[in-house]
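# Report on the structure
Residue-level listing of the chains:
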Amino acid sequence: MDFNRTRYTPMNRRRRIYEGKAKVLFEGPEPGTLIQHFKDDATAFNAKKHEIVDGKGVLNNRISEFIFQNLNDIGVPTHFIRRLNMREQLIREVEIIPLEVVVRNVAAGSLSKRLGIEEGTQLPRSIIEFYYKSDKLDDPMVSEEHITAFGWATPQEIDDIMALAIRVNDFLSGLFLGVGIRLVDFKMETGRLWEGDMMRIVLADEISPDSCRLWDIKSNDKMDKDRFRRDLGGLIEAYSEVARRLGILSENESTPMGGPRLVQ
Ligand code: TMP
């Protein structure tokens, strides 16, 4: 029996709080905690395109753990506590702000399409965009005016989110540059973490090749979910290569399903 597969993990015994396209949230062991479970589902275009990619959840769990742990270590607040197993991590329960925050360093994807800028063009400076999280509406782009008028976040919270986004972008850009990868853009989510009467904005959700554009510095090869969105193939190979370069998979471990070494 393959215990690595989703259906054999003991998750059915826990209370399911929320199921998204690529992850499930379960009740955590203590109040104020949740378990974030990474599935193998790959979706694009608001789930109009959907496939199961064996091993993707395991890789994203590891890559996101690595990024969030490093951010915690340099004092960037996140929801991440620790990884529990191949597919799950323990996180703090936060009140998710219903915005997808996209940071762009290089033109690609919807920015290139919307503004007619050739993909790969370096932007004059990093650009932050907000999208309202709504599957029904296909995550429309919104401005700070919409965000404050509709009460999704306050002006102070928007300032905090933007400061956080810049810190995460600087950290990630350097991290990836060091392993020969260009961080073209990425999406992040934030949440309100309550500690007594105090509230602060923290990084939430995941950061993985599902939510970033990562291009090999030398070849410009895509090492992210665009391989799936654009039918390029080789998604697991690309995600494994990202993990290998970050030092998460050892040299001879080409796939995450390869053996028990990944379980700690
Ligand atoms: P975009 O160019 O399609 O707007 O995407 C910008 C970045 O955000 C890219 O790194 C992919 C990521 N992204 C998500 O993580 N989830 C989404 O639903 C979308 C549309 C983009």
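The structure under discussion appears in the preceding block.
Residue positions are given per chain, counting from 1 as you read along its sequence in written order. Selection of residues for local features in this predicted model requires a pLDDT of at least 70, selection of side-chain atom pairs for listing and counting requires 80 or more, and totals for whole chains, interfaces and linings are taken over all residues. Only heavy atoms go into the side-chain values, all of them from the structure, while hydrogens and water stay out.

### Topic: the pairing of strand 14 (residues 212-216)
Counting buried positions along strand 14 yields 5 of 5 residues, so the element is predominantly enclosed. In this structure, strand 12 (residues 181-195) lies alongside strand 14, joined through 5 bridges in antiparallel fashion. Paired with Asp185 across the bridge in strand 14 is Arg213. The classification of residues rests on relative accessible area computed with a 1.4 Å probe and restricted to protein chains. Under 20% of the type maximum is buried, over 50% is exposed, and intermediate values are partly exposed. A run of H or I in DSSP becomes a helix once it reaches four residues, and a run of E becomes a strand once it reaches two; helices and strands are each numbered from the N terminus. Two strands qualify as a pair provided that DSSP identifies no fewer than 2 bridges between them.

### Let's talk about the site of the ligand
Neighbouring residues are identified by heavy atoms, a residue being near a molecule or strand if any of them is within 4 Å of it. Near the ligand, the surroundings consist of 15 residues, among which Arg104, Ser110, Asp185, Lys187 and Arg213 are the closest. Contacts described as polar in this section are N or O atom pairs within 3.5 Å, which, within protein, must combine one atom able to donate a hydrogen with one able to accept it, while residues neighboring in sequence count only if both atoms come from side chains. Here Arg104 contributes a side-chain N or O atom positioned 2.8 Å from an oxygen atom of the ligand. In the model, an oxygen atom of the ligand is placed 2.5 Å from a nitrogen or oxygen of the Asp185 side chain. Per-residue and other accessible areas follow the Shrake-Rupley method at a 1.4 Å probe size, with only the shown protein chains counted as cover for residues. Relative to its unbound accessible area of 450 Å², the ligand is 77% covered by the protein chains. Broken down by secondary-structure element, the contributors of at least two residues to the shell around the ligand are strand 9 (99-106), helix 2 (109-115), strand 12 and strand 14. Think of it as three bins: nonpolar holds Ala, Val, Leu, Ile, Met, Phe, Trp, Tyr, Cys and Pro, charged holds Asp, Glu, Lys and Arg, and polar takes everything else, Gly as well. Among the residues forming the shell around the ligand, the class breakdown is 5 nonpolar, 3 polar and 7 charged.

### So, the packing of helix 1 (residues 56-73) against helix 6 (residues 235-245)
Between the N-to-C directions of two axes lies an angle of 0 to 180 degrees, each axis being a line fitted to C-alpha atoms and, for a helix, fitted only over the stretch in contact. Relative to each other, helix 1 and helix 6 sit at 20 degrees, their axes nearing to 10 Å. By the angle between their axes, helix 1 is roughly parallel relative to helix 6. The way helix 1 lies across helix 6 gives a crossing that is left-handed. Here Lys56, Leu59, Asn60 and Ile63 of helix 1 come into contact with helix 6, specifically with Leu235, Ile236, Tyr239, Ser240, Val242 and Ala243. Taken together, the residues that form the contact of helix 1 with helix 6 break down as 7 nonpolar, 2 polar and 1 charged. The scheme is simple: roughly parallel for angles under 35 degrees, roughly antiparallel for over 145, roughly perpendicular for 65 to 115, oblique for anything else. The sense of a crossing depends on the near helix, which, turned anticlockwise from the far helix by less than a right angle, makes the crossing left-handed and, turned clockwise, makes it right-handed. Throughout, a contact is declared for two residues whenever any of their heavy atoms are within 4.5 Å.

### Focus on the packing of aromatic side chains
Any Phe, Tyr or Trp ring, taking Trp's six-membered ring, that has another such ring centre within 6.5 Å forms a pair; planes under 30 degrees apart are called stacked, those over 60 apart edge-to-face, and the others tilted. Inspection of every chain in the model, using the stated rule, returns 3 aromatic pairs. Taking 6.5 Å as the distance between ring centres and 55 degrees as the angle between the ring planes, the aromatic pair formed by Phe68 and Phe80 counts as tilted. Highlighted residues: Phe68 in helix 1 and Phe80 in strand 6 (residues 80-83), separated in sequence by 12 residues. Judged by centre distance (5.3 Å) and plane angle (35 degrees), the ring pair of Phe150 and Trp152 falls under tilted. With relative accessibility at 57%, the residue Phe150 sits in the exposed group. Under the relative-accessibility criterion, Trp152 is labelled buried at 16%. Three or more aromatic residues joined by ring pairs form one cluster here, namely Tyr132, Phe150 and Trp152.

### A closer look at the nonpolar core
Counting 48 residues, the largest nonpolar core has Ile67, Val168, Leu172 and Phe176 as its most contacted members. Mapped by element, the contributors of at least two residues to this core are strand 4 (41-44), helix 1, strand 9, helix 4 (155-177), strand 12, strand 13 (198-204), strand 14 and helix 6. It is helix 4 that contributes the most residues to this core, 9 residues altogether. Leave out the neighbours within four places in its chain, and Val168 touches Leu71, Val76, Phe186, Met188, Leu203 and Ile207. Think of a nonpolar core as a cluster: buried Ala, Val, Leu, Ile, Met, Phe, Trp, Tyr and Cys residues, connected wherever their side-chain atoms sit within 4.5 Å.

### Comments concerning the sheet that holds strand 7 (residues 88-92)
Within the open sheet, the 5 strands sit side by side as 1-2-3-7-6. Their pairing is antiparallel. Taken across any chain shown, the strands that pair with only one partner, and hence form the sheet edges, are strand 1 (16-19) and strand 6. With strand direction ignored, the average angle separating the axes of adjacent strands in the sheet is 25 degrees. As judged from the 3 bridges shared by strand 1 and strand 2 (residues 23-27), these two strands associate in the antiparallel manner. Looking at the pairing, Tyr18 lines up with Leu25 of strand 2.

### Examining the pairing of strand 6
Two faces make up the sheet, and in a regular strand the side chains alternate between them. In this structure, strand 6 lies alongside strand 7, joined through 3 bridges in antiparallel fashion. Within strand 7, the position partnered with Phe80 by the bridge is Ile91. Here strand 6 folds back onto strand 7, and the loop between the two strands holds 4 residues.

### A closer look at the pattern of salt bridges
When a carboxyl oxygen of Asp or Glu lies within 4 Å of a side-chain nitrogen of Lys or Arg, that pair is called a salt bridge. Summed over the entire model, instances satisfying the criterion amount to 31 salt bridges. Note that Asp40 is salt-bridged to Arg87, the shortest N-O span being 3.0 Å. Separated by 47 residues along the polypeptide, Asp40 in the loop between strand 3 (33-38) and strand 4 and Arg87 in the loop between strand 6 and strand 7 bring together distant segments of the chain. Each member of the pair, Asp40 as well as Arg87, carries the same accessibility label: buried.

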